[in-house]
Amino acid sequence: MNRIAESELIINPRGAVYHLDLRPEEIAGTVITVGDPDRVKEVSKHFDSIEVQRQHREFVSHTGYVGKKRLTVLSSGIGPDNIDIVVNELDALVNIDFETRLIKSELKALNIIRIGTSGSLQADIPVDSFVASTHGLGIDNLLNFYRHEHNEEENQLLHSFVTHTQMHGQIGNPYVSGAAPSLLKHFVKDFHHGITVTCPGFYGPQGRILRLGVRNPALINRLTDFRFGQHRITNFEMETSAIYGLGRLLGHNCLAINAIVANRVVQEFSKDGKAAVEKLIQKFIGIFAEEKL
Ligand SMILES: O=P(O)(O)O[C@H]1O[C@H](CO)[C@@H](O)[C@H]1O
Ligand SMILES: O=c1cc[nH]c(=O)[nH]1
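These numbers were taken from a predicted model, which means no experiment stands behind them.

Asker: Describe in detail the overall build of the protein chain, supporting the description with residues and values.
Answerer: From N to C terminus, the protein chain includes seven helices and 12 strands. The C-alpha radius of gyration of the protein chain comes to 19 Å, within 12% of the 19 Å expected for a compact globule of 293 residues. With respect to the principal axes defined by its C-alpha atoms, the protein chain has extents near 50 × 40 × 35 Å. Within the protein chain, buried positions represent 54% of all 293 residues. A separation of at least 24 residues holds for 77% of the contacts in the protein chain among residues at least 6 apart in sequence. In the protein chain, the 31 positive side-chain charges and the 34 negative ones have mean positions that sit 3 Å from each other.

Below you can see the structure in the form of structure tokens.
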């Protein structure tokens, strides 16, 4: 097996991975990712104890316990490019030996759960409600830098998506991956389920028009109308498909749960998005404490 060079896996003088500044023993088997660094303490304030607190750039992390269960909460910052760093470095922390720089013979699967905010694409999914993503569909291109394959059903879904949204030639190849069924099954009551589209930006890529025109002005309507069997697109944001896609390639169990702060169909924004996120965090902590995940 090949030793991974110093330039490829960068380990700092503390023995911690380059961007996250975390050592292997400093993360738990369940990792919550949040976009906003300030949200990390909003999650860890519900921990019974905190044993590790680190910060490097936008990557703030707290590891501690809820009851006897250990978990880490880590901010990713905004966007799929940051998820490339977060998921690869989390995987390295558990699956690469930092002494020998060799991939371990026994690989570990993390539970990676995003607690985020998102924009609804359906009139019946109002602001302040919650969505658990059955699929992450990426129009951000990140996964196309890696060798990956889709199954027949995913290929059909993507073909139908590109045709319906008329995105041919506008962006690279969209990609799609499902949530881990072992995690999704715990987030049913009080959650809408559906496909989450992940975008490489908040404005043009999500059809927002301020001063610039967009190439696909009908994008929101086309996403709202899209159907594939019983599947529809519930929402969009900027991380889920990258987490699901990289997580699947690396063998981790991934889920995204999002609080809806904007409804793009009825053009409404939450009056108290912070309260909606707090309710979602409390719901997650309750489920994590009581159920087997
Ligand atoms: O609230 P977070 O988790 O950052 O998620 C959403 O909010 C950011 C945009 O405002 C993007 O990261 C988007 O995915
Ligand atoms: O509309 C929204 C709201 C939150 N996050 C997004 O990416 N889009």
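Asker: Go over helix H2 (residues 80–95), please, and point to the residues and values.
Answerer: Taking 1.5 Å as the rise per residue, H2 with 16 residues should run 22 Å; its terminal C-alpha atoms sit 22 Å apart, in good agreement. With 12 of 16 residues buried, H2 is to be regarded as a mostly interior element. For H2, the full list of buried residues reads Pro-80, Asn-82, Ile-83, Val-86, Val-87, Glu-89, Leu-90, Asp-91, Ala-92, Leu-93, Val-94 and Asn-95. Looking at the buried residues of H2, the elements they touch are strand E1 (30–34), strand E3 (59–66), strand E4 (69–75), strand E5 (111–120), strand E8 (192–198) and helix H6 (240–250).

Asker: So what's going on with the site of ligand 1? Residues and values would help.
Answerer: For ligand 1, the full set of nearby residues is Gly-35, Asp-36, Arg-39, Ile-78, Arg-114, Gly-116, Thr-117, Phe-202, Glu-237, Met-238 and Glu-239. One of the side-chain N or O atoms of Arg-114 is found 2.8 Å from an oxygen atom in ligand 1. Thr-117 has a polar side-chain atom sitting 2.6 Å from an oxygen atom of ligand 1. Cavity membership is defined here by more than half of the atoms lying within 2 Å of grid points; on that basis ligand 1 lies in the second largest pocket.

Asker: Lay out a nonpolar patch on the surface in plain terms, naming residues and giving numbers.
Answerer: Judged by side-chain polarity, Met-1, Ile-103 and Leu-107 come together as a nonpolar surface patch covering roughly 360 Å² of accessible area. The class for Met-1 is exposed, based on a relative accessible area of 72%.

Asker: Talk me through the site of ligand 2; I want residue IDs and the actual numbers.
Answerer: Near ligand 2 you find Thr-117, Ser-118, Gly-119, Phe-202, Gln-206, Arg-208, Phe-236, Glu-237, Met-238, Val-261 and Ala-262, and these make up its full shell. For ligand 2, a nitrogen atom lies 2.8 Å from a polar atom in the side chain of Gln-206. For ligand 2, whose accessible area on its own is 240 Å², the fraction buried by protein is 93%. Judged by the fraction of its atoms near the pocket grid, ligand 2 is located in the second largest pocket. Listing elements by their share of the shell around ligand 2, those giving two or more residues are E5, strand E10 (231–237) and strand E11 (253–263). The residue inventory of the shell around ligand 2, partitioned by class, reads five nonpolar, four polar and two charged.

Asker: Pulling in residues and values, what's your account of the confidence of the model for the protein chain?
Answerer: When pLDDT is averaged along the protein chain, the result is 97; 100% of the residues meet or exceed 70. In the model output, the complex is listed with pTM 0.98 alongside ipTM 0.99.

The rules we used
Residues numbered from 1 in each chain as written. Chains lettered and ligands numbered in written order. Predicted model: local features only at pLDDT ≥ 70, side-chain atom pairs only at ≥ 80, totals over all residues. Heavy atoms only, no water. Helix = DSSP H or I, 4+ residues; strand = E, 2+ residues; numbered from the N terminus. Rg over C-alpha atoms; globule rule 2.2 N^0.38 Å. Buried < 20%, exposed > 50% of the residue type's maximum accessible area, 1.4 Å probe, protein only. Contact = heavy atoms within 4.5 Å. Lys, Arg positive; Asp, Glu negative; His and termini not counted. Charge placed at Lys NZ, Arg CZ, Asp CG, Glu CD. Expected span 1.5 Å × (residues − 1). Near = heavy atom within 4 Å. Polar contact = N/O pair within 3.5 Å; in protein donor to acceptor, adjacent residues only side chain to side chain. 1 Å grid on protein atoms, 1.4 Å probe; cavity = no way out; pocket = protein on both sides within 12 Å on 5 of 7 lines; lining within 4 Å. Sits in = over half its atoms within 2 Å of the grid points. Patch = residues over 30% accessible without salt bridge, like charges linked within 9 Å, V, L, I, M, F, W, Y side chains within 5 Å. Areas by Shrake-Rupley, 256 points an atom, 1.4 Å probe, with all protein chains shown as cover. Salt bridge = Lys/Arg side-chain N within 4 Å of Asp/Glu carboxyl O. Nonpolar A, V, L, I, M, F, W, Y, C, P; charged D, E, K, R; others polar. pLDDT = per-residue confidence, 0-100.

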